[in-house]
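# Survey of secondary and tertiary structure
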Amino acid sequence: MTAVEAELSDLIDQIKSGHFSLSDIVLQCQGLESVGNLLAAANLYNLWITHSQSSDKNLALFNYAIVLNRLGKIEEA
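All of these numbers come straight from a predicted model, not from anything done at the bench. (Residues numbered from 1 in each chain as written. Predicted model: local features only at pLDDT ≥ 70, side-chain atom pairs only at ≥ 80, totals over all residues. Heavy atoms only, no water.)

## Concerning the environment of asparagine 58
Following the sequence through the fold, asparagine 58 ends up in helix α4 (residues 58–70). The exposed category is assigned to asparagine 58, whose relative accessible area is 62%. Considered as a pair, asparagine 58 and leucine 39 are 19 residues apart in the sequence and their alpha carbons are 20 Å apart. (Helix = DSSP H or I, 4+ residues; strand = E, 2+ residues; numbered from the N terminus. Buried < 20%, exposed > 50% of the residue type's maximum accessible area, 1.4 Å probe, protein only.)

Listed below in structure tokens is the structure:
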């Protein structure tokens, strides 16, 4: 496993276990978007929304819809 794969695996584990806050996911996804990796950002938003117990998912849902729109996935957005 490469260092990038290990880092991604750790990130996914943190999200699934609920140890990733709303601000954490927004910052992580903004970083991915800034380097043009919209698909990865969309996938992380979706994973966080699915696994988070936060009552405050509105911002993540909004940002997820924006990323889907930028990917041309208008109906999903």
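## Side note on the pattern of salt bridges
This model, assessed by the stated rule, comprises one salt bridge. The partner of arginine 70 in a salt bridge is glutamate 33, and the shortest N-O contact between them spans 3.0 Å. Residue arginine 70 is located in helix α4, and its partner glutamate 33 is located in helix α2 (residues 22–34); the two are separated by 37 residues in the primary sequence. Its relative accessible area of 18% is what places glutamate 33 among the buried residues. (Salt bridge = Lys/Arg side-chain N within 4 Å of Asp/Glu carboxyl O.)

## What to know about the environment of leucine 44
Inspection of the secondary structure assignment puts leucine 44 in helix α3 (residues 38–51). Look at leucine 44 and you get buried, because its relative accessible area is 6%. When the C-alpha atoms of leucine 44 and glutamine 14 are compared, they prove to be 11 Å apart, with 30 residues separating the residues in sequence. Setting aside its immediate chain neighbours within four residues, leucine 44 contacts Leu11, Ile15, Ile25, Gln28, Cys29 and Leu32. (Contact = heavy atoms within 4.5 Å.)

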